[in-house]
Amino acid sequence: MRVLFTPDHHRHSPRSWLFKGGFTQPQEVPQRGDVLLDAVTRGGHQVVQASGDDRQALRRVHDDGYLAFLEHAWDEWSRLPGASEEVLPNVHPGRRMQGLPTAVVGRAGYYQADGACPIGQGTWAGVLASARVAVNASRDLMHGVAPCVYALCRPPGHHAYADQAGGFCYLNNTAIAAEICRGDGAAKVAIVDVDVHHGNGTQGIFYSRADVLTVSLHGDPASFYPYFAGYADETGEGAGRGANLNIPLAQGTADEAYLARLDAALDKVIAFAPDVLVVALGLDASRDDPLAFLALSGDGFRRIGSRLGGLDLPTLLVQEGGYLSPVLGDNLNAVLEGFESSKAGSQ
Ligand SMILES: [Zn+2]
């Protein structure tokens with residue numbers, strides 16, 4: 001498998017996040033990228049450095065004001081008397097009487113959905129590096145360099161909306177990749193999100209679009225992040241009606257039940273007949289993940305990879321969540337092996 005990567009993600013190294021009312025140790029840490037890189041190296045995959053930044057690709061998904069906020073907020077914040085070392089919102093404007101506030105504290109509330117997206121000195125450089133990997137990987141796929149590419153993105157992106165960070169995510173790498181595929185010749189793109197959390201940002205970005213099918217299997221948001229989206233009755237709007245499929249799963253769902261629901265979801269993908277498949281590859285549905293809610297085994301991940309590979313489509317695998325555990329790297333390799341073995345079997 002061709003793997004795109006850059007070590008520049010290390011620039012984003014959050015110090016804390018706000019969880020259940022307290023500041024706690026971050027889960028989304030640079031070591032995740034190191035573990036995943038080590039795994040693909042061990043797995044014998046071809047690792048290629050991503051290079052160059054494409055601001056235009058980011059602007060196809062994200063709001064200009066939001067991008068400017070991510071780039072400059074820390075400079076402004078750090079000049080506030082008594083400011084913390086990271087930008088974190090303490091106002092959440094649920095009912096916006098006015099537009100975008102001018103003060104950085106107000107803009108933090110406007111652009112950051114929750115307390116899981118601190119912005120430190122290196123955050124912009126780090127999230128830009130993550131998007132760079134997705135951009136390079138999707139260009140490689142669309143230019144025929146390889147029939148399937150794995151983008152080792154960190155931090156993840158699927159909770160980021162066009163104008164809002166959330167859930168460790170700043171730039172929506174999966175959405176950026178899908179838009180590049182559209183722009184470079186794919187008439188229809190299907191996104192399948194297997195992260196344990198609902199891909200709410202991705203859903204939001206494509207919710208009224210008929211050309212991008214968004215499918216997400218995830219822990220039931222009635223009792224799990226992101227709480228405000230991910231329910232089965234969210235099916236798209238306008239031209240996009242019917243082009244969004246949410247499959248909320250009960251806590252503790254394990255391999256067999258998960259794979260049955262995945263098969264049903266993939267039937268929807270087959271019926272949509274996409275030109276390209278983009279997989280939002282979270283690994284946090286593992287029973288061993290520190291944020292565990294579902295209970296997939298390593299073999300479950302291998303079978304997910306096999307099912308996805310069996311679709312026999314040009315495929316981009318974009319890394320989303322999945323947190324430090326003894327099996328994080330093994331589960332990545334299980335997906336990649338399952339994917340590639342299904343290809344080998346179909347030839
Ligand atoms: Zn997740």
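Up top is the structure these notes are about.
Since we're looking at a predicted model, the values are computed, not measured. (Residues numbered from 1 in each chain as written. Predicted model: local features only at pLDDT ≥ 70, side-chain atom pairs only at ≥ 80, totals over all residues. Heavy atoms only, no water.)

A closer look at the nonpolar core
In step 1: Of all hydrophobic cores here, the largest spans 51 residues; its most connected members are F69, L171 and I176.
In step 2: Considering each element in turn, this core owes the most residues, nine residues, to helix 5 (residues 123–142).
In step 3: Excluding residues that lie within four positions of it along the chain, I176 makes contacts with A57, L58, V61, H62, A131, V135 and L171.
In step 4: Core analysis: the second largest hydrophobic core is formed by 46 residues, L152, A265, L311 and L336 among them. (Core = buried A, V, L, I, M, F, W, Y, C linked by side-chain atoms within 4.5 Å. Buried < 20%, exposed > 50% of the residue type's maximum accessible area, 1.4 Å probe, protein only. Helix = DSSP H or I, 4+ residues; strand = E, 2+ residues; numbered from the N terminus. Contact = heavy atoms within 4.5 Å.)

Side note on the sheet that holds strand 7 (residues 212–219)
In step 1: Read across the sheet, eight strands follow the order 4-1-5-10-9-6-7-8 without closing on themselves; strand pairing throughout is parallel. The two strands at the open ends of the sheet, each matched to only one other strand, are strand 4 (46–49) and strand 8 (244–249). Neighbour to neighbour, the strand axes of the sheet diverge by 15° on average, direction disregarded.
In step 2: In the sheet, strand 1 (residues 2–5) pairs with strand 4 via four bridges, with the strands oriented parallel. Of the residues in strand 4, the one forming a bridge with R2 is Q46.
In step 3: Running at roughly 165° to strand 6 (residues 189–193), helix 6 (residues 173–183) makes contact with strand 6, strand 7, strand 9 (276–281) and strand 10 (315–319) of the sheet. (Pairing = 2+ DSSP bridges. Axes fitted to C-alpha atoms, helices over the stretch in contact; angles between N-to-C directions.)

Describing the coordination of the zinc ion
Each pair of donors in an ideal four-coordinate tetrahedral metal site encloses 109.5 degrees, whereas pairs in an ideal six-coordinate octahedral site enclose 90 or 180 degrees.
In step 1: Here the zinc ion is held by D195 (OD), H197 (ND1) and D284 (OD), and the distances to it run 2.0 to 2.1 Å.
In step 2: Written as a sequence motif, the donor residues of the zinc ion are D-x1-H-x86-D. In this structure, D195 and H197 share a single accessibility class: buried. (Donors = N, O, S within 2.8 Å, 3.2 Å for Na, K, Ca; no water.)

Comments concerning unusual backbone geometry
In step 1: A cis amide bond, omega 0°, links R154 with the succeeding residue P155.
In step 2: With respect to the helices, strands and loops of the structure, P155 is situated in the loop between strand 5 (148–151) and helix 6.
In step 3: Residue P226 is bonded to the preceding Y225 through a cis peptide linkage, with omega at 10°.
In step 4: Within the secondary structure layout, P226 lies in the loop between strand 7 and strand 8.
In step 5: At A273, a position not held by glycine, the phi torsion is positive, near 55°.
In step 6: Judged by relative accessible area, A273 falls into the partly exposed class, the value being 43%.

Considerations on the pattern of salt bridges
In step 1: In total, this model carries 21 salt bridges according to the counting rule given.
In step 2: Across the pair R209 and E179 runs a salt bridge whose closest N-O atoms are separated by 3.0 Å. Of this pair, R209 sits in the loop between helix 7 (200–206) and strand 7 while E179 sits in helix 6, placing them 30 residues apart in sequence.
In step 3: For R209, a relative accessible area of 22% corresponds to the partly exposed category.
In step 4: Across the pair D211 and R182 runs a salt bridge, and its minimum N-O distance is 2.6 Å. Placement of D211 in the loop between helix 7 and strand 7 and of R182 in helix 6 is noted, with a sequence separation of 29 residues between them.
In step 5: D211 sits in the buried class, given a relative accessible area of 16%. (Salt bridge = Lys/Arg side-chain N within 4 Å of Asp/Glu carboxyl O.)

Some details on helix 6
In step 1: A large share of helix 6 lies buried, amounting to nine of its eleven residues.
In step 2: Taken together, the buried positions of helix 6 are occupied by N173, T174, A175, I176, A177, A178, E179, I180 and C181.
In step 3: Buried residues in helix 6 make contact with helix 2 (55–59), helix 5, strand 6, helix 7, strand 9 and strand 10.
In step 4: Looking at the residues trailing helix 6, positive phi occurs at G185, about 125°.

Some remarks on the pairing of strand 10
In step 1: Counting buried positions along strand 10 yields five of five residues, so the element is predominantly enclosed.
In step 2: Every second residue of strand 10 is oriented toward a common face, with T315, L317 and Q319 on one face and L316 and V318 on the other, all of them buried.
In step 3: Here strand 9 runs beside strand 10; their pairing, made up of five bridges, is parallel. Each bridged residue has a counterpart across the sheet, and for L277 the counterpart in strand 10 is T315.
In step 4: Handedness of the crossover joining strand 9 and strand 10 through helix 9 (residues 298–309) is recorded here as right-handed. (Right-handed = clockwise from strand over helix to strand, strands pointing away.)

Let's talk about the environment of V278
In step 1: With respect to the helices and strands, the residue V278 is situated in strand 9.
In step 2: The spacing of V278 and L308 is 30 residues in sequence and 10.0 Å in space, taken between C-alpha atoms.
In step 3: Ignoring anything within four residues of it in the chain, the contact list for V278 reads T174, A178, V189, A190, I191, V192, L316 and V318.

Quick notes on the side chain of S342
In step 1: Looking at the element boundaries, S342 is found in helix 10 (residues 328–346).
In step 2: From its side chain, S342 meets the backbone nitrogen of G310 in a polar contact 3.3 Å long.
In step 3: Beyond its immediate sequence surroundings of up to four residues, S342 is in contact with S306, G309 and G310. (Polar contact = N/O pair within 3.5 Å; in protein donor to acceptor, adjacent residues only side chain to side chain.)

Examining the packing of helix 8 (residues 255–272) against helix 9
In step 1: Running from amino to carboxyl end, helix 8 crosses helix 9 at an angle of 15°, the nearest separation of the two axes being 10 Å. The pairing of helix 8 with helix 9 is recorded here as roughly parallel in orientation. Relative to helix 9, helix 8 is oriented so that their crossing is right-handed. On helix 9, the residues that touch D255, E256, Y258, L259, L262, D263 and L266 of helix 8 are D299, G300, R303, I304, R307 and L308. (Parallel < 35°, antiparallel > 145°, perpendicular 65-115°, else oblique. Left-handed = near helix turned anticlockwise from the far one by under 90°.)

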